[in-house]
Amino acid sequence: VDIREDTTRRIARRSALAAAIAAMTVASPTAAQSWPSKPVRIVVPFGPGGPADIYARILASELGDALKQQFVVENKAGAGGTIGADIVAKAAPDGYTLLMMSNTLTTNETLIAKKPYALMRDLAAVAPVNSSDLVMVVSPTLQAKTLPELIALAKTQPGKLAYASAGPGTPYHLAGELFKSMTGTDLLHVPHKNSGEARNDVMGGHVQIMFDAVTAMKGNIEAGQVRTLATTGDKRSAVLPDVPTMSEAGVPGYEATIWLGIMAPKATPQDIVEKLNAEITKILAKPSLREVWAKQGAVPMTMT
């Protein structure tokens, strides 16, 4: 009798608990159902005019239309992207602060020993956005017309020719270091606050060389403001089909790219992360967007 009574009491307690949980589930919508109820900011840890800034603004506009809420882009440049990344890492994990990151931040995990955050410890991956090749350009004032001519010139003037970047750890910086390593040349690295300043210095002849994203440099190439020597993909760029790859031009096996993605503070509710991922995936599947990006040299990337 005691055993039967104890069993009955336990079943009653479980039934009451199940009913309470069911009531809570009905009464409390998930975070994603009520999100976003106010403007969302996308922090770009780089300056205006670069790929991260350009595509963050496109994404903000598309997400705003899709989710009926304002998405605001804020540029927080400095320290190779770590200032902006740290702002997001320390933000409230509620889905209202996002990070537009690039592979600069993955490189910084090994290049910068002491950072106030750790990328995969303090931030959650939400969705990739796109990737693109880089293009090696030189100032029109430089006498080298081809990649072999540039390599030969650099070897006769070790440490004299300079290449511009958007700062330490950026794809532009690493592309230059990879080039130096694979060609045995000695080039001076000139870091800038952002890619726009670096681009202007090359066009103005103040710095001789730059590796830049095809998406950002294409207009300057078409305007004749720089001379192109090679692109950095494993095949020719669809938007610069007459420009040889680095491998074709004389540096076999050379390859470098830039890619972008969205991250959020680590403890952001999973249903918000998944909702964002689904919305971004839908946006990247739009034929109109893919057509425009293809003309710019950007390749959409999607993952769960």
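On a predicted model such as this, the values are computed, not experimentally measured, just so you know.

In terms of regular secondary structure, the protein is built from 13 helices and 10 strands. The globule rule puts the C-alpha radius of gyration for 304 residues at 19 Å, and the 25 Å found for the protein is more than 25% above it. Taken along its principal axes, the extent of the C-alpha atoms in the protein is 100 × 40 × 30 Å. Counting over 304 residues, the protein shows a buried share of 50%. Looking at the protein alone, contacts between residues at least 24 apart form 75% of all its contacts between residues at least 6 apart. Counting every atom, the protein has about 14300 Å² of accessible surface; 57% of that belongs to carbon and sulfur.

It is worth spelling out the layout of surface pockets at this point. Over the atoms, a rolled probe matching the size of one water molecule traces out where space is still vacant. Looking at the largest pocket, its volume works out to about 330 Å³. Looking at the lining of the largest pocket element by element, the count peaks at three residues for strand β4 (residues 123-138). When grouped by side-chain class, the residues that make up the lining of the largest pocket number six nonpolar, six polar and five charged.

Here the protein averages 91 in pLDDT, while 90% of its residues score no lower than 70. Ignoring residues within four places in sequence, the model shows residues 23-28, a span with pLDDT below 50, making zero contacts including any to other chains.

With respect to the element layout, Lys115 can be found in the loop between α5 (103-111) and α6 (119-122). A distance of 3.0 Å separates the side chain of Lys115 from the side chain of Glu109, its partner in a polar contact. Among residues more than four places away in sequence, those in contact with Lys115 are Thr82, Asn108 and Glu109.

This model, assessed by the stated rule, comprises 13 salt bridges. Arg199 serves as the salt-bridge partner of Asp212, at 2.5 Å between the closest nitrogen and oxygen. Separated by 13 residues along the polypeptide, Asp212 in strand β7 (residues 209-213) and Arg199 in helix α9 (residues 195-203) bring together distant segments of the chain. For the pair shown, Asp212 and Arg199 are each scored as buried. We note a salt bridge from Lys218 to Glu222, for which the minimum N-O separation is 2.7 Å. Of the two residues, Lys218 and Glu222 are both situated in helix α10 (residues 214-222); the distance of four residues between them amounts to about one turn of the helix. Take Lys218: its relative accessible area is 19%, and that puts it in the buried class. Residue Glu222 is classed as exposed on the basis of its relative accessible area, which comes to 57%.

Moving on, we get to the pairing of β7. Burial analysis of β7 places five of its five residues in the buried class, the great majority of the element. Looking at chain direction, β4 and β7 are connected through five bridges and run antiparallel. Bridge pairing in β7 places Leu134 opposite Ala213. The pairing of strand β5 (residues 162-165) with β7 spans two bridges and is classified as parallel. Bridge pairing in β7 links Ala164 to Met210.

A word on empty space enclosed by the protein. A complete count under the given rule lists one cavity of 30 Å³ or more for this structure. Taken together, Pro51, Tyr55, Asn130, Ser131, Ser132, Thr215, Ile258 and Leu260 make up the lining of the largest cavity. Secondary structure elements with two or more residues in the lining of the largest cavity: α3 (51-67), β4 and β9 (257-265). By residue number, the principal contributor to the lining of the largest cavity is β4, which donates three residues. Per-class residue counts for the lining of the largest cavity are four nonpolar, four polar and no charged.

Time to look at the environment of Pro39. As for its placement among the helices and strands, Pro39 is situated in the loop between α2 (31-34) and β1 (40-44). Sequence separation between Pro39 and Gln70 is 31 residues; the distance between their C-alpha atoms is 4.7 Å. Setting aside its immediate chain neighbours within four residues, Pro39 contacts Gln69, Gln70 and Tyr96.

The next subject is the environment of Pro148. Position of Pro148 relative to the elements: it lies in helix α7 (residues 147-156). Using a relative accessible area of 46% as the deciding quantity, one classes Pro148 as partly exposed. For the pair Pro148 and Leu229, spaced 81 residues apart in the sequence, the C-alpha separation amounts to 9.3 Å.

By the definition in use, this model includes five aromatic pairs. Taking 6.1 Å as the distance between ring centres and 20° as the angle between the ring planes, the aromatic pair formed by Phe211 and Tyr254 counts as stacked. Of this pair, Phe211 sits in strand β7 while Tyr254 sits in the loop between α11 (246-249) and β9; the two residues are 43 residues apart in sequence, bridging distant segments of the chain. With respect to class, Phe211 is no different from Tyr254; both count as buried. Through successive ring pairs, a cluster of aromatic residues spans Trp35, Phe71 and Tyr96. The positively charged end of Lys38 is found above the aromatic ring belonging to Tyr96, 4.8 Å away from the centroid. In this arrangement the basic side chain of Lys115 is found over the ring face of Tyr117, its NZ or CZ atom lying 5.3 Å from the centre.

Conventions and cut-offs
Residues numbered from 1 in each chain as written. Predicted model: local features only at pLDDT ≥ 70, side-chain atom pairs only at ≥ 80, totals over all residues. Heavy atoms only, no water. Helix = DSSP H or I, 4+ residues; strand = E, 2+ residues; numbered from the N terminus. Rg over C-alpha atoms; globule rule 2.2 N^0.38 Å. Buried < 20%, exposed > 50% of the residue type's maximum accessible area, 1.4 Å probe, protein only. Contact = heavy atoms within 4.5 Å. Areas by Shrake-Rupley, 256 points an atom, 1.4 Å probe, with all protein chains shown as cover. 1 Å grid on protein atoms, 1.4 Å probe; cavity = no way out; pocket = protein on both sides within 12 Å on 5 of 7 lines; lining within 4 Å. Points joined across faces, edges and corners; volume = space filled by probe spheres on them. Nonpolar A, V, L, I, M, F, W, Y, C, P; charged D, E, K, R; others polar. pLDDT = per-residue confidence, 0-100. Polar contact = N/O pair within 3.5 Å; in protein donor to acceptor, adjacent residues only side chain to side chain. Salt bridge = Lys/Arg side-chain N within 4 Å of Asp/Glu carboxyl O. Pairing = 2+ DSSP bridges. Phe/Tyr/Trp six-rings, centres within 6.5 Å; stacked < 30°, edge-to-face > 60°. Lys NZ or Arg CZ within 6 Å of the ring centre and 35° of its normal.

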